[in-house]
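Read off the chains here:
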Amino acid sequence: MYIYPRSSGPSYPGFISEALTDENLHGSRAAQDLSPDSVPESSAEQHEDNLNNEYMQSVARCLQMMLRIDEYRFAFVAVDGISTLLAVLQGRVNFQVQYQLIFCLWVLTFNPLLAEKMNKFSVIPILADILSDSVKEKVTRIILAVFRNLIEKPEEAMVSKEHCIAMVQCKVLKQLSILEQRKFDDEDICADIEFLNEKLQASVQDLSSFDEYATEVKSGRLEWSPVHKSAKFWRENAPRLNEKNYELLRILILLLESSKDPLVLSVASFDIGEYVRHYPRGKHVIEQLGGKQLVMQLLGHEDPNVRYEALLAVQKLMVHNWEYLGRQLEKEQTQTTKQPAGSGNLAAKA
């Protein structure tokens, strides 16, 4: 491993990362010095945006050059550079800054170790969102190049498969079908579209329902996909949520705690209820992980759908023996079905 020499001042990669963050959150110093009294508000805002983008482009150009050197790539990642790039990309930046920062991500993916770790920072969901909104060919081209590297560069086949599944989950296949309808002069774009289409289609065919579910949970973008409502899926896979020290359950519980999206909260509540329903020790596990309290807090949520799913989940958490309850329900239904027939016979005898 490359060892960086100690210095009294901040590292260059660290300085660049801080510069990006400060600029994105607070604006440039020159922009802050604008006087609202001397410049109309709309003009001041436009001027500030221009200053911000010029500053950002200068920083990004430095990064584009610096990250060509492999040692600097690791130093940049060590100071949380990837998270910084993604935070800026999720803010208000023009297409040129988008291109430059995604170019930096692309350069990083040429290192196999970094390519394997990249999606732990949610690179794929963020770039998929930008791809769906992109109107600039250069931005589209560099995103496709990043996606291709995330499949080609990792040395572990399982990591490449996980990246493919993540792209499928983020609706990249749909975007590829749209892009296929467009005419591109750039041969690299056409080649990347063809490559990605082939790999993602193959991954869909090999995708089990549990792989699909795990990928969706890890993405944090829960929706009412078919697996959630499938009783067969929960009967067969509920115990698998215990794998890797309850990894998927911990993510669901974290989403209950941190997400502001009513859809995510509704689906996460439902999934926890189904886990409890189909896994004998599920109630105990959820209580130990702190999930029960979070679900109960959602009973007072402003969204009616969240309240409804939270109420169902709490009911499931309160029932101790689902198998016994199921037999009781079947018994009651049987008695209800037979009762009219008996009543008819009595009436006939009378």
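Under an unreviewed UniProt entry, the name given to the protein chain is ATPase V1 complex subunit H C-terminal domain-containing protein, and the source organism is Periplaneta americana. We quote the UniProt Sequence similarities (unreviewed entry) comment for the protein chain here in full: "Belongs to the V-ATPase H subunit family."

A. View of the overall build of the protein chain. Per the secondary structure count, the protein chain includes 20 helices and zero strands. A separation of at least 24 residues holds for 71% of the contacts in the protein chain among residues at least 6 apart in sequence. Split by element, the accessible area of the protein chain, about 19,700 Å² in all, is 51% carbon and sulfur.

B. Structural view of helix 11 (residues 172-180). Regarding helix 11, the residues found buried are V172, L173, Q175, L176 and L179. Along helix 11, the residues classed as buried sweep out an arc of 160 degrees about the axis, all on the same side. Elements that come into contact with the buried residues of helix 11 comprise helix 8 (123-133), helix 9 (137-152), helix 10 (157-169) and helix 12 (187-206).

C. Inspection of the side chain of S225 at higher detail. Inspection of the secondary structure assignment puts S225 in the loop between helix 13 (209-219) and helix 14 (231-237). You can call S225 buried: its relative accessible area is 8%. At 2.7 Å, the side chain of S225 and the side chain of E216 are in polar contact.

D. Region of interest: the nonpolar core. Judged by nonpolar contacts, the single largest core of 52 residues is most densely connected at I102, L105, L127, I143, F147 and M167. Of all the secondary structure elements, the ones that give two or more residues to this core are helix 3 (41-66), helix 5 (81-89), helix 6 (95-108), helix 8, helix 9, helix 10, helix 11 and helix 12. Among the elements that make up this core, the one with the highest residue count is helix 6 (nine residues). Ignoring sequence-local partners within four residues, the contact set of I143 consists of I102, L127, I130 and L131. Formed by 35 residues, the second largest nonpolar core is a distinct cluster that contains L222, A238, L256 and A313.

E. Quick peek at the packing of helix 15 (residues 243-258) against helix 16 (residues 262-278). It is the contact of helix 15 with helix 16, at a shortest axis distance of 9 Å, that shows an interaxial angle of 140 degrees. Our classification of the angle between helix 15 and helix 16 gives oblique. The two elements helix 15 and helix 16 cross, and the hand of that crossing is left-handed. Where helix 15 abuts helix 16, its residues Y246, L249, L252, I253, L255 and L256 lie against V264, L265, A268, S269, D271, I272 and Y275.

F. Looking closely at a nonpolar patch on the surface. Among the surface-exposed residues, M296, L299, L311 and M318 lie close enough to one another that they form a single nonpolar patch of about 320 Å² accessible area. In this fold, L311 is placed in helix 19 (residues 304-318). A residue is classified by how much of its surface remains accessible, and L311, at 42% relative accessible area, is partly exposed.

G. Quick look at the pattern of salt bridges. According to the stated counting rule, one finds 13 salt bridges in the structure shown. Salt-bridge contacts for R73 lead to D70; the nearest nitrogen and oxygen are separated by 3.0 Å. Pair noted here: R73 and D70 are both in helix 4 (residues 70-78), with a separation of three residues, about one helical turn. Since its relative accessible area comes to 11%, R73 is described here as buried. Judged by relative accessible area, which is 31%, D70 ranks as partly exposed. K283 is the salt-bridge partner of E287, the closest N and O atoms lying 3.2 Å from each other. With E287 and K283 both in helix 17 (residues 282-288) and four residues apart, the pair spans about one turn of that helix. Several salt bridges converge on common partners, so that one network encompasses R148, E152 and D192.

H. Fine view of the packing of aromatic side chains. In this structure the tally under the stated criterion is eight aromatic pairs. Aromatic pair Y275 and Y279: ring centres 5.4 Å apart, planes at 25 degrees, arrangement stacked. We note that Y275, like Y279, is buried. Here the aromatic cluster, defined as three or more aromatic residues joined through ring pairs, consists of Y99, F103, W106 and F110. Here K136 stacks its cationic end above the ring of F95, 4.6 Å away from the centre of that ring. Here the guanidinium or amino end of R148 rests over the ring plane of F195, the centre of that ring lying 4.2 Å away.

Procedures and definitions
- Residues numbered from 1 in each chain as written.
- Predicted model: local features only at pLDDT ≥ 70, side-chain atom pairs only at ≥ 80, totals over all residues.
- Heavy atoms only, no water.
- UniProt positions renumbered as here; feature names shortened; annotations may be inferred.
- Helix = DSSP H or I, 4+ residues; strand = E, 2+ residues; numbered from the N terminus.
- Contact = heavy atoms within 4.5 Å.
- Areas by Shrake-Rupley, 256 points an atom, 1.4 Å probe, with all protein chains shown as cover.
- Buried < 20%, exposed > 50% of the residue type's maximum accessible area, 1.4 Å probe, protein only.
- Arc of directions from axis to C-beta.
- Polar contact = N/O pair within 3.5 Å; in protein donor to acceptor, adjacent residues only side chain to side chain.
- Core = buried A, V, L, I, M, F, W, Y, C linked by side-chain atoms within 4.5 Å.
- Axes fitted to C-alpha atoms, helices over the stretch in contact; angles between N-to-C directions.
- Parallel < 35°, antiparallel > 145°, perpendicular 65-115°, else oblique.
- Left-handed = near helix turned anticlockwise from the far one by under 90°.
- Patch = residues over 30% accessible without salt bridge, like charges linked within 9 Å, V, L, I, M, F, W, Y side chains within 5 Å.
- Salt bridge = Lys/Arg side-chain N within 4 Å of Asp/Glu carboxyl O.
- Phe/Tyr/Trp six-rings, centres within 6.5 Å; stacked < 30°, edge-to-face > 60°.
- Lys NZ or Arg CZ within 6 Å of the ring centre and 35° of its normal.

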